[in-house]
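Listed below, chain by chain, are the residues.
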Amino acid sequence: MLLVNYNLKKIMNKNLKETFDTVEKENRLALIGYVVGGDPNYLDSKLIINEMLKYCDIVEVGIPFNTSTSDSPIIMNGIDRSLASGMNTKKVLELIKEIKTETKKPIGTMSYLQQIHTFGIDAYVKEMKNSLADFSIVVDSNLNSDEDKELYEKLSEINVDYVKLVAPTNDEAYVLDALSRSGSWIYVVSYSGTTGTKKYNLDFINNSIKLIKKNSDIKIGVGFGIKTEEDVAEISKKTNTNAVIIGSACVSIVENEAKNKLSGLEIAKKIGQYLKSITNSLKKS
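Residues numbered from 1 in each chain as written. Predicted model: local features only at pLDDT ≥ 70, side-chain atom pairs only at ≥ 80, totals over all residues. Heavy atoms only, no water.

Trainee: Whenever I open this one, the sheet that holds strand S3 (residues 107-111) confuses me. Can you help?
Mentor: As a general point, the strands of a sheet are linked pairwise by backbone hydrogen bonds and lie either parallel or antiparallel. Pairing within the open sheet is parallel, and its nine strands lie in the order S5-S4-S3-S2-S1-S9-S8-S7-S6. A single partner strand is all that each edge strand has here, and the edge strands are strand S5 (161-163) and strand S6 (165-166). In this fold helix H9 (residues 202-215) packs onto S6, strand S7 (185-189) and strand S8 (219-223), with an angle of close to 165 degrees to the strand it touches most, S8. (Pairing = 2+ DSSP bridges. Helix = DSSP H or I, 4+ residues; strand = E, 2+ residues; numbered from the N terminus. Contact = heavy atoms within 4.5 Å. Axes fitted to C-alpha atoms, helices over the stretch in contact; angles between N-to-C directions.)

Here it is in structure tokens:
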């Protein structure tokens, strides 16, 4: 069957393309880490993200939103801590800008269309440009909505990749639509449900990857339920993904160590130790 590459029509974000090219040459998976922006506060969050960048190829920064629909209690607690410290969309993007001025590694946002719509699409795109962010993941985006199309088009104009999610319940028609708006990579959800609440499902992952690979050569990141070195090793050996995404485990460390009254630097080092152990399993077999 002829491969339909939906991505040749778009300009990929340079940093993301270079990152995936490097990872491929090193014959390993990319490690994508997630943390809530501003958790437990602005300054400590900056320390945490900078430490993550020592081991992660790409970092997703969640924009706190108190009515999210796919986040686990662990991440919702992180969102609550972030909001309680005074964080919002603008401040998270300011945080990203501070970090991006010191690194070329790709950093992007993970958020909801409702909060972007409330903030204002034009305002959001302007702040994304100023932040130097590389991509935007919108969890609840509806491919049929005018807002989704507008956001995709305006982000494309500033070379920010729009990253779509593909879930086990999505059919090939949805995958094709998602590919038409995806740039450098696409996010495969390993099961139906909220993040980090159960173990990934290999059958679901491979079915989604099969649909994507049938129609595109876009890079793929797999997330939800991936926590340990053994998890990453299994994903590497038994799927055809290009990246693994780890989020709830990182946020859980923030929660546990914040309760133990550790400093931001100490929390960052704990997360760094955890992620360093994960890097041992990224090599493809």
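Let us keep going from here.
Trainee: Just to check I follow, could you spell out helix H3 (residues 73-84) for this structure?
Mentor: Turn by turn, an α-helix covers 3.6 residues, leaving residues three or four places apart pointing in a common direction. Compared with the 16 Å implied by 1.5 Å per residue over 12 residues, the 16 Å span of H3 between its first and last C-alpha is a close match. Those residues of H3 hidden inside the fold are in contact with strand S1 (30-36) and helix H11 (248-259). Phi for Gly86, located one or two positions after H3, is positive at around 100 degrees. (Expected span 1.5 Å × (residues − 1).)

Trainee: Would you mind showing me how to read the nonpolar core here?
Mentor: Proteins that are soluble and globular tend to have nonpolar side chains buried together. Membership of the largest hydrophobic core comes to 63 residues, with the highest contact counts inside it found for Met52, Leu151, Ile212, Ile246 and Ile271. Of all the elements, helix H12 (residues 264-279) adds the most residues to this core, at six residues. Ile212 has contacts with Val166, Val175, Leu179, Ile186, Val188, Ile218 and Ile220, leaving out every residue within four places of it along the chain. Formed by 27 residues, the second largest nonpolar core is a distinct cluster that contains Leu16, Ile32, Val36 and Ile137. (Core = buried A, V, L, I, M, F, W, Y, C linked by side-chain atoms within 4.5 Å. Buried < 20%, exposed > 50% of the residue type's maximum accessible area, 1.4 Å probe, protein only.)

Trainee: Whenever I open this one, the packing of helix H2 (residues 42-52) against H12 confuses me. Can you help?
Mentor: Between two packed helices, the angle of one axis relative to the other and the distance separating the axes together describe the packing. One way to put it is that H2 packs onto H12 with a least axis distance of 8 Å and a crossing angle of 25 degrees. Our classification of the angle between H2 and H12 gives roughly parallel. Our pair here, H2 against H12, has a crossing hand that is right-handed. Where H2 approaches H12, its residues Asp44, Leu47, Ile48, Glu51 and Met52 are matched on the opposing element by Gly264, Leu265, Ile267, Ala268, Lys269, Ile271, Gly272 and Leu275. Considered class by class, the residues forming the contact of H2 with H12 number eight nonpolar, two polar and three charged. (Parallel < 35°, antiparallel > 145°, perpendicular 65-115°, else oblique. Left-handed = near helix turned anticlockwise from the far one by under 90°. Nonpolar A, V, L, I, M, F, W, Y, C, P; charged D, E, K, R; others polar.)

Trainee: So what exactly am I meant to see when it comes to unusual backbone geometry here?
Mentor: Outside of glycine, negative phi angles account for most residues, and trans bonds account for most peptide bonds. Here Asp39 and Pro40 are connected by a cis peptide whose omega angle stands at 5 degrees. Mapped onto the elements of the fold, Pro40 is located in the loop between S1 and H2. With a phi angle near 55 degrees, Asn27 is a residue other than glycine that sits in the positive phi range. Checked against the element boundaries, Asn27 lands in the loop between helix H1 (14-25) and S1.

Trainee: Where do I start with the environment of Gly38 in this structure?
Mentor: Looking at where Gly38 falls in the secondary structure, it is placed in the loop between S1 and H2. Note on Gly38: relative accessible area 0%, which makes it buried. Taking the C-alpha atoms as reference points, Gly38 and Ile235, separated by 197 residues in sequence, lie 30 Å from one another. Excluding its chain neighbours within four sequence positions, the residues that come into contact with Gly38 are Ser45, Ser82, Ser85, Met87 and Leu95.

Trainee: Please explain the pairing of S3 as it appears in this structure.
Mentor: Within S3, five of the five residues are buried, leaving the element largely enclosed by the surrounding structure. Burial of S3 is two-sided: the residues Ile107, Thr109 and Ser111 facing one way and the residues Gly108 and Met110 facing the other way are all buried. As paired elements, strand S2 (residues 58-62) and S3 share four bridges and run parallel to each other. The residue bridging Val59 from the neighbouring strand is Ile107, located in S3. In terms of strand pairing, S3 meets strand S4 (residues 135-138) through four bridges, oriented parallel. Looking across to S4, one finds that Thr109 is bridged to Ser136.

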